[in-house]
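Observations on the model geometry
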Amino acid sequence: DAGVTQSPTHLIKTRGQQVTLRCSPKSGHDTVSWYQQALGQGPQFIFQYYEEEERQRGNFPDRFSGHQFPNYSSELNVNALLLGDSALYLCASSPRPRGVDTQYFGPGTRLTVL
Amino acid sequence: AQKITQTQPGMFVQEKEAVTLDCTYDTSDPSYGLFWYKQPSSGEMIFLIYQGSYDQQNATEGRYSLNFQKARKSANLVISASQLGDSAMYFCAMSSYGGATNKLIFGTGTLLAVQP
């Protein structure tokens, strides 16, 4: 049973560039959520995708956008990168978009913005 | 608004001893779930244990148990017989049935160091 996968594992970009992170959910899950974890902090909810639509967004600017594909995999795009976007980006999947089902996380993508 | 508070930035425990990691929460939703995750230095968030707000008994999963005190709004994690591999960051998190999604609200975490 494949767990949540993310790619790439590490990424280095410069300010102003754009980045795309990818996530494949756990088998049987159709809901993907993205979180940003800055150094020394807990993860912060960016947004959730279900049925190829963004269902809810956290307190993040429009520079952060996403997409979900028919196979339930998802992408997180960040435009006009800032130094403050340096963080660990975690993808989590669940079997439905609401309720209190356990969310399972991928290994994360460490983004460094220089 | 929902909030998770973890007041212990770091904890030390001797190998084979038990340790309690504190978590208090705040929510106006009557139906919610509480989760504990372990995050080793590699970064992956590993699910440990879940407690539903209407569960009558405290959750247990192997060496992990959750001391759920609803009236005090606390959900402390107890790790019995600590092992060196338990050294990691531990996060308490919450989601609610009443929300638009199952988004998790996390605390700031507790760094646990197990000493031989």
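Procedures and definitions
Residues numbered from 1 in each chain as written. Chains lettered and ligands numbered in written order. Predicted model: local features only at pLDDT ≥ 70, side-chain atom pairs only at ≥ 80, totals over all residues. Heavy atoms only, no water. Helix = DSSP H or I, 4+ residues; strand = E, 2+ residues; numbered from the N terminus. Rg over C-alpha atoms; globule rule 2.2 N^0.38 Å. Areas by Shrake-Rupley, 256 points an atom, 1.4 Å probe, with all protein chains shown as cover. Lys, Arg positive; Asp, Glu negative; His and termini not counted. Charge placed at Lys NZ, Arg CZ, Asp CG, Glu CD. Disulfide = S-S within 2.5 Å. Buried < 20%, exposed > 50% of the residue type's maximum accessible area, 1.4 Å probe, protein only. Phe/Tyr/Trp six-rings, centres within 6.5 Å; stacked < 30°, edge-to-face > 60°. Lys NZ or Arg CZ within 6 Å of the ring centre and 35° of its normal. Contact = heavy atoms within 4.5 Å. Buried area = accessible area lost by both parts, 1.4 Å probe. Salt bridge = Lys/Arg side-chain N within 4 Å of Asp/Glu carboxyl O. Polar contact = N/O pair within 3.5 Å; in protein donor to acceptor, adjacent residues only side chain to side chain. Nonpolar A, V, L, I, M, F, W, Y, C, P; charged D, E, K, R; others polar. Pairing = 2+ DSSP bridges.

**Quick word on the overall build of chain A**
- Tallying secondary structure elements over chain A gives zero helices and 11 strands in all.
- Mapped in sequence order, the helices and strands of chain A form the string β-β-β-β-β-β-β-β-β-β-β.
- Its C-alpha atoms give chain A a radius of gyration of 13 Å, near enough to 13 Å, the size a compact globule of 114 residues would have.
- Based on the C-alpha atoms only, the size of chain A along its principal axes is roughly 40 × 25 × 25 Å.
- Accessible surface, chain A as shown: approximately 5,300 Å² in total, 47% of it carbon and sulfur.
- With 10 positive and 10 negative side-chain charges, chain A shows a spacing of 8 Å between the two charge centroids.

**Brief notes about the state of the cysteines**
- Applying the stated criterion to the full structure yields two disulfides over all chains.
- With a sulfur-sulfur separation of 1.7 Å, Cys23(A) is cross-linked through a disulfide to Cys91(A). Across the S-S bond linking Cys23(A) and Cys91(A), the dihedral sits near -55 degrees, which makes this disulfide left-handed. Of the two residues, Cys23(A) sits in strand β3 (residues 19-24) while Cys91(A) sits in strand β9 (residues 87-94), which places them 68 residues apart along the sequence. Like Cys91(A), Cys23(A) is buried.
- With a sulfur-sulfur separation of 2.0 Å, Cys23(B) is cross-linked through a disulfide to Cys92(B). The sign of the -60 degrees torsion about the S-S bond sets the Cys23(B)-Cys92(B) disulfide as left-handed. A residue pair is termed long-range when its members are at least 10 positions apart, and Cys23(B) in the loop between β3 (19-21) and β4 (24-26) and Cys92(B) in strand β10 (residues 88-96) qualify at 69 residues. Both residues of the pair, Cys23(B) and Cys92(B), count as buried.

**Topic: the packing of aromatic side chains**
- Scanning all chains against the criterion turns up 16 aromatic pairs over all chains.
- Relative to Phe106(B), the ring of Tyr37(B) has its centre 6.0 Å away and its plane inclined at 50 degrees; by these criteria the two rings are tilted. With Tyr37(B) in strand β5 (residues 32-39) and Phe106(B) in strand β11 (residues 105-106), this residue pair connects regions lying 69 residues apart in the sequence. Of the two residues examined, Tyr37(B) and Phe106(B), each falls in the buried class.
- An aromatic cluster is defined as three or more aromatic residues linked by ring pairs; in this entry it consists of Tyr35(A), Phe45(A), Tyr104(A), Phe105(A), Phe35(B), Tyr37(B), Phe47(B), Tyr50(B), Phe91(B) and Phe106(B).
- Across the ring face of Tyr104(A), the terminal group of Lys26(A) is positioned such that the distance to the ring centre comes to 5.2 Å.
- In this structure, Arg63(B) is placed above the aromatic ring of Tyr64(B), and the distance from its NZ or CZ to the ring centre is 5.7 Å.

**Some remarks on the interface of chain A and chain B**
- The interface of chain A with chain B comprises 27 residues on the first partner and 26 residues on the second.
- With both chains or domains summed, chain A and chain B bury close to 2,000 Å², and 51% of this area falls on carbon and sulfur atoms.
- In this structure, the connection of chain A to chain B is made through zero salt bridges.
- For the pair chain A and chain B, the interface holds 11 residue pairs in polar contact (both at pLDDT 80 or more).
- Mapped by element, the contributors of at least two residues to the side of chain A that touches chain B are β4 (31-37), β5 (44-50), β6 (53-57), β9 and β10 (104-105) of chain A.
- Of the residues in the side of chain A that touches chain B, the class split is 10 nonpolar, 12 polar and five charged.

**A closer look at the environment of Lys16(B)**
- Following the sequence through the fold, Lys16(B) ends up in the loop between β2 (10-14) and β3.
- Separated by 16 residues in sequence, Lys16(B) and Tyr32(B) have C-alpha atoms that sit 33 Å apart.

**Digging into the pairing of β6(A)**
Residues and elements named next belong to chain A.
- Inspection of the sheet shows β5 paired to β6 by four bridges, in the antiparallel sense. Across the sheet, Gln 48 pairs through a bridge with Gln 56, a residue of β6.
- Linking β5 back to β6 in an antiparallel pair, the connection comprises two residues, with Glu 51 at a positive phi of about 50 degrees.

**Observations concerning the side chain of Asp86(B)**
All names here are of chain B.
- As for its position among the elements, Asp 86 is in the loop between β9 (74-79) and β10.
- Of note is the side chain of Asp 86, whose polar atom sits 2.8 Å from the side chain of Arg 63.
- There is a polar contact of 2.8 Å between the side chain of Asp 86 and the backbone nitrogen of Gln 83.
- In contact with Asp 86, not counting residues within four places along its chain, are Lys 38, Arg 63, Tyr 64, Ile 79, Ala 81, Leu 112 and Val 114.

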